[in-house]
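# Structure at a glance
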Amino acid sequence: MSSYEERFYRESPDLRSRVARNLRLLIWLVGELIAWFWPGRRIRRAYRKAEQDGKEIYLDDVIELDQE
Amino acid sequence: MKKCFPPPDYAFDYREGPVSGNVINGLGEETARRARQIFHGSGARRLEWERLETFFALTMPFRIYWQGLVNRWVLRNADGTVAKTTVSGDRTEEVKSVARAAGAGTVGICRITEDALFENYETPFRYAVVIVMPMNPDEMQFLPEPRAALEVMHVYLKISRVAIKVASAIRAMGWPARAYGESADILHIPLAVNAGLGELGKHGSLITQQFGSSVRLATVLTNMPLTVDEPVDICVEDLCLGCRRCTIDCPADAIVDDKRLVRGVKKWYVDFDRCVPYFVKTLGCGICIEVCPWTKPGRGPGLTEKLLAKRQKKALAEIPGVRHVARKTKTTNSGTD
């Protein structure tokens, strides 16, 4: 697992690797964007409902972490 | 009067809770060691509190979440090609001017120290140019509502751009440099303190003289030889020891009145396990930095002056001879009158 710095912010001098890096970052960002809509939407709904009902949602149930 | 903030009750929990953030932070540890990331990670490693962080991100209103993504995209220019010709001579003022012209509130420079690096992280750089950017008080007054959170993200984006400009200017002078914004591989606050930009406050955040605590930080690391700034004493300690504003106003009771031993150093410490759930519930909280007396616009310099005078008066009173002379003078004067 590498940091944003290692993955996206270190620039190689040649144009080709910069374009490849930008593409990788763009794909990652699109993934994050999709995550806000799904499963984000499901989580926000469950959270709102829990708040209204005075109950709790369990993070272990609603959020799955990527495998390393 | 104490403002009315949302109560610290939560509609989220863990079935199997993570390891206490206070344990990971080294609360009570006598041996010095580097910090470990728990929350707001740079993506470098699996964090113990990562589920809560993901929950925090996904429950954000879209316009705030979007700002975070834009920031990540902008920061792709954090590094870049270094010019082949190296300029010589001390360019410290030039570097600071670039930062100020780009919109920085204040800038300071220091050497990189161990306490600014997370465990298992090494850097090839020696110097840090730390940039401070104030947040808009008119927007921050809405805290802890989404409007204030949006201002925080705006400032993160703006400060990333400033750091990128500074790093780019240094590289154009022939020296490697890399910009670091939010959720970075380094700790900005210890660097800011060493660079003379302010002091650590009771609420665990930086207190600057000019903008108080209502600021965001970014850093540029470089190998360019620069003149370093000295840490400052603006009397934060004098006030924090007696002031209880953040302690009282923190709805989660995360701020304590005395210093704690953390990784071998006695310092102000915020209870992580109490602070972060409330931070998540309120989309970034920040109550402690806004209620801090230093944060009131224009108040800082006067506050330092007052506290310094008080300190000097106290120091004089503690010297037996001086006290005697002062009393004697008073007596003589009243006698003459």
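Look a little higher up for the structure.
Residues numbered from 1 in each chain as written. Chains lettered and ligands numbered in written order. Predicted model: local features only at pLDDT ≥ 70, side-chain atom pairs only at ≥ 80, totals over all residues. Heavy atoms only, no water.

### Some thoughts on the sheet that holds strand β4 (residues 177–180) of chain B
Residues and elements named next belong to chain B. In spatial order, the strands read β2-β3-β7-β4; together these four strands make up an open sheet with antiparallel pairing. One side of each edge strand has no neighbouring strand; the edge strands of this open sheet are β2 (106–111) and β4. The mean inter-strand angle of the sheet, taken between neighbouring strand axes irrespective of direction, is 20°. Two strands pair when backbone bridges link them, and β4 and strand β7 (residues 215–222) are joined in this way by four bridges, in the antiparallel orientation. For tyrosine 180, the partnering residue across the bridge sits in β7 and is threonine 219. The sheet strands contacting helix α4 (residues 92–102) are β2 and β3 (127–134), and the helix crosses β2 at an angle near 140°. (Pairing = 2+ DSSP bridges. Helix = DSSP H or I, 4+ residues; strand = E, 2+ residues; numbered from the N terminus. Axes fitted to C-alpha atoms, helices over the stretch in contact; angles between N-to-C directions. Contact = heavy atoms within 4.5 Å.)

### Considerations on the packing of aromatic side chains
Evaluated as defined, the whole model comprises 15 aromatic pairs over all chains. Geometrically, the ring pair formed by A:Phe8 and A:Trp28 is tilted, given 5.6 Å between the ring centres and 45° between the ring planes. Here the residue A:Phe8 occupies a position in helix α1 (residues 4–9), and A:Trp28 occupies one in helix α2 (residues 15–37), the gap between them amounting to 20 residues. Ring plane angle 40° and centroid distance 5.0 Å describe the contact between B:Phe56 and B:Phe279, whose orientation is recorded as tilted. In this pair, B:Phe56 sits in helix α2 (residues 50–58) while B:Phe279 sits in helix α10 (residues 272–281), placing the two residues 223 residues apart along the sequence. An identical accessibility class is assigned to B:Phe56 and B:Phe279; each is buried. Put simply, the rings of A:Trp36, A:Phe37, B:Phe62, B:Tyr65 and B:Trp66 pair up and form one aromatic cluster. One Lys or Arg, A:Arg42, reaches over the ring of A:Trp38 and ends 5.4 Å from the middle of that ring. (Phe/Tyr/Trp six-rings, centres within 6.5 Å; stacked < 30°, edge-to-face > 60°. Buried < 20%, exposed > 50% of the residue type's maximum accessible area, 1.4 Å probe, protein only. Lys NZ or Arg CZ within 6 Å of the ring centre and 35° of its normal.)

### Thoughts on unusual backbone geometry
For the bond from A:Trp38 to A:Pro39, the omega torsion is 15°, close enough to zero to count as cis. By the secondary structure assignment, A:Pro39 is in the loop between α2 and α3 (40–53). Going from B:Leu143 to B:Pro144, the amide bond is cis rather than trans, its omega being 5°. Relative to the helices and strands, B:Pro144 is located in the loop between α5 (137–140) and α6 (146–172). Its identity as a non-glycine residue notwithstanding, B:Leu283 has a phi of 60°, on the positive side. As for its position among the elements, B:Leu283 is in the loop between α10 and α11 (287–291). Judged by relative accessible area, which is 15%, B:Leu283 ranks as buried.

### Remarks on the layout of surface pockets
All names here are of chain B. Counted as a void, the second largest pocket has a volume near 310 Å³. As for the second largest pocket, its lining consists of 18 residues, of which Pro137, Met140, Gln141, Glu290 and Thr295 are closest to the centre. Among the elements of the structure, α5 and α11 are those that each provide at least two residues to the lining of the second largest pocket. Of the residues forming the lining of the second largest pocket, the biggest block, three residues, is contributed by α11. Here the lining of the second largest pocket is composed, by residue class, of 10 nonpolar, four polar and four charged. (1 Å grid on protein atoms, 1.4 Å probe; cavity = no way out; pocket = protein on both sides within 12 Å on 5 of 7 lines; lining within 4 Å. Points joined across faces, edges and corners; volume = space filled by probe spheres on them. Nonpolar A, V, L, I, M, F, W, Y, C, P; charged D, E, K, R; others polar.)

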